[in-house]
Amino acid sequence: MFFPYTSGRKGMLGSEKEVGRVAQTVVVGVTGGIGAYKACELVRLLSRRGFRVKVVMTDAAMRFVTPLTFRTLTGEPVASSLWEEPAYGGVRHVSLAQEADVMVVAPCTANVIAKLAHGRADDMLTTTALAAQAPLVIAPAMNAEMWRKQVTRDNVAALRARGAVIVEPEAGELACGDVGEGRLAPVEDIADAVEAEACRARDLAGVRVLVTAGGTREAIDPVRFIGNRSSGKTGYAIAEEAARRGASVTLVAAPTCLADPYGAEVVRVTSALEMRDAVRAGFDRADLVVMAAAVADFRPEGPAEHKLKKDAGAPALALVRNPDILAELGERKDGRLLVGFAAETRDVLESARAKLEAKHLDLVVANDVGAPGRGFDADINRVTFVTAEGAEELPVLGKDAIARKLLDRIAEMLARRGQR
Ligand code: PMT
């Protein structure tokens with residue numbers, strides 16, 4: 001039987017899932033490899049660890065194991081076709097995706113890895129994965145040559161950069177008789193990865209987070225402005241990840257083309273002064289502030305009332321300083337956790353350390369915005385977390401993955417302070 005969707009994970013504070021009364025749901029995707037038989041053991045293990053488990057299979061998987069096996073192990077119907085009638089109306093792949101607190105694909109073939117990496121959705125499993133907001137754990141299993149191929153490595157790297165957790169296959173004798181890397185990881189390791197993601201899925205429940213994103217625009221006249229290249233992707237990724245992990249999120253967003261992050265309240269602003277007002281309005285209610293926005297340090301002194309005409313010659317722009325919003329918050333932080341960014345093109349770490357101290361911050365995300373192809377308006381970035389204890393340098397990652405690592409770090413800090 002399919003249960004109707006309960007939306008406990010989607011940023012609704014005080015829901016049953018968040019206070020731990022209802023088991024979290026793991027959707028286990030099984031694809032067509034000999035390791036499919038081990039998915040039976042994985043499903044049993046996850047059930048024993050207290051998860052409600054639902055299985056979705058590809059056609060190829062059903063050649064190795066039958067849906068009946070999983071239905072018997074889980075007590076839940078097994079999804080395999082996009083075209084079967086859902087038990088309670090609605091659209092089945094969407095309701096399964098919404099129910100998932102974690103989705104794991106084990107074993108995951110090279111073919112399904114490629115589909116997931118490229119957003120293809122042509123069966124029940126890949127459609128569910130594409131529709132899911134939940135963390136994704138992937139346990140690849142395949143022939144050693146297929147695993148070694150550059151195209152597979154690239155697909156795995158793309159998934160990892162988007163925040164998927166890869167439980168690497170191990171070396172050993174493979175079903176095809178070859179010996180090499182490609183055998184499904186031990187089911188205990190896969191279950192551990194799922195459990196870690198499930199814990200993460202709740203670790204910010206009850207925390208009130210204020211995030212800023214995008215670049216402010218400072219009007220020159222009614223149609224022109226001084227701006228910067230921030231796309232808002234970083235702040236949006238942080239807001240979405242925080243909401244996914246149970247936080248109550250307000251996002252103060254400068255103009256961007258991005259869709260609202262799922263589960264966050266969005267307050268739209270244009271200029272630095274408007275952003276300051278919106279941040280001040282949300283500050284008293286916040287436990288944590290993450291200032292990812294690129295706030296203009298200067299604005300034209302008096303924007304023209306009407307569009308400036310070129311016949312009048314080049315205007316002389318007099319600029320005045322904008323308030324430093326984050327520095328103002330630092331003066332009255334009163335137990336809140338404050339996270340700032342440092343966008344620099346040289347002396348990146350020194351500047352980040354100086355900002356940490358001067359603005360009374362708990363963490364600064366330092367990024368070298370002079371490096372081509374990353375940072376501003378890109379999907380990837382390379383950042384270093386700077387705290388009073390030291391610096392942690394991350395590799396080049398997708399902005400979703402950076403958001404995730406940042407919130408891992410913040411959750412640790414909150415736990416240390418006894419706020420979690
Ligand atoms: O939006 P994306 O395309 O994803 O790009 C991401 C990013 C490069 C914009 C992001 O990673 C980033 O670095 N954001 C901060 C940019 C910035 O303004 O840095 P800063 O070093 O000038 O400012 C330091 C901190 O003070 C920042 O947290 C900033 O939000 C804050 N600030 C700055 C000036 C100001 N007047 N008020 C502020 O609150």
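Residues numbered from 1 in each chain as written. Predicted model: local features only at pLDDT ≥ 70, side-chain atom pairs only at ≥ 80, totals over all residues. Heavy atoms only, no water.

Another aspect to go through is the site of the ligand. Around the ligand, a shell composed of 28 residues is seen, among which Ser230, Ser231, Thr234, Lys355 and Asn367 lie nearest. In the model, an oxygen atom of the ligand is placed 2.7 Å from a nitrogen or oxygen of the alanine 293 main chain. When the ligand sits alone it has 760 Å² of accessible area, and the protein chains cover 96% of it. If you map the ligand onto the pockets, it falls in the second largest pocket. Counting only elements with at least two residues in the shell around the ligand, the list comes to helix 9 (233-244), helix 11 (325-331) and strand 16 (337-344). (Near = heavy atom within 4 Å. Polar contact = N/O pair within 3.5 Å; in protein donor to acceptor, adjacent residues only side chain to side chain. Areas by Shrake-Rupley, 256 points an atom, 1.4 Å probe, with all protein chains shown as cover. 1 Å grid on protein atoms, 1.4 Å probe; cavity = no way out; pocket = protein on both sides within 12 Å on 5 of 7 lines; lining within 4 Å. Sits in = over half its atoms within 2 Å of the grid points. Helix = DSSP H or I, 4+ residues; strand = E, 2+ residues; numbered from the N terminus.)

So, about the pattern of salt bridges. As enumerated under the stated definition, the model contains 38 salt bridges in all. When the shortest N-O distance is used, the salt bridge between arginine 148 and glutamate 145 registers 2.6 Å. In this pair, arginine 148 and glutamate 145 are both assigned in helix 6 (residues 144-148), three residues apart and thus about one turn of the helix distant. Its relative accessible area of 53% is what places arginine 148 among the exposed residues. Judged by relative accessible area, glutamate 145 falls into the partly exposed class, the value being 42%. In this structure, the salt-bridge partner of glutamate 240 is arginine 244, at a minimum N-O distance of 3.4 Å. Within this pair, glutamate 240 and its partner arginine 244 are both found in helix 9, separated by four residues, close to a single helical turn. (Salt bridge = Lys/Arg side-chain N within 4 Å of Asp/Glu carboxyl O. Buried < 20%, exposed > 50% of the residue type's maximum accessible area, 1.4 Å probe, protein only.)

The buried count for strand 4 (residues 136-140) comes to five of five residues, which makes it a mostly enclosed element. Here strand 3 (residues 102-108) pairs with strand 4 via four bridges, running parallel. Along strand 4, the bridge assignment pairs cysteine 108 with proline 140. (Pairing = 2+ DSSP bridges.)

A word on the environment of glutamine 98. Counting through the fold element by element, glutamine 98 comes out in helix 3 (residues 92-99). With 84 residues separating them in the primary sequence, glutamine 98 and glycine 182 have C-alpha atoms 31 Å apart.

Once that is clear, we can look at the domain arrangement of the protein. Domain annotation of the protein identifies domain 1 (23-200) and domain 2 (208-416). Where domain 1 abuts domain 2, roughly 800 Å² becomes buried across the two surfaces, and 40% of that area is made up of carbon and sulfur atoms. Here domain 1 is connected to domain 2 by two salt bridges. Close ionic contact of glutamate 197 with arginine 404 constitutes a salt bridge, the shortest N to O distance being 2.2 Å. For the interface between domain 1 and domain 2, the tally reads five residue pairs in polar contact (both at pLDDT 80 or more). Counting only elements with at least two residues in the side of domain 1 that touches domain 2, the list comes to helix 7 (150-161) and helix 8 (187-200). A breakdown of the residues in the side of domain 1 that touches domain 2 according to their chemical character gives four nonpolar, two polar and four charged. (Domains from an automatic or database assignment. Buried area = accessible area lost by both parts, 1.4 Å probe. Nonpolar A, V, L, I, M, F, W, Y, C, P; charged D, E, K, R; others polar.)

Quick look at the sheet that holds strand 8 (residues 208-213) now. Strand order in the open sheet formed by eight strands is 12-11-8-13-16-17-19-20, and the pairing between neighbours is mixed. The open sheet has two edge strands with one neighbour each: strand 12 (264-268) and strand 20 (390-393). The sheet shows a mean angle of 20° between the axes of neighbouring strands, taken without regard to direction. Note: strand 19 (residues 383-387) against strand 20, four bridges, orientation antiparallel. Residue threonine 387 lies in a different strand from strand 20, and its bridge partner there is glycine 390. Packed on one face of the sheet, helix 10 (residues 272-283) meets strand 8, strand 11 (248-253), strand 12, strand 13 (288-291) and strand 16 and runs near 175° to strand 8. Relative to strand 19, helix 13 (residues 399-416) is tilted by about 15°, and along the sheet it contacts strand 13, strand 16, strand 17 (363-368), strand 19 and strand 20. (Axes fitted to C-alpha atoms, helices over the stretch in contact; angles between N-to-C directions. Contact = heavy atoms within 4.5 Å.)

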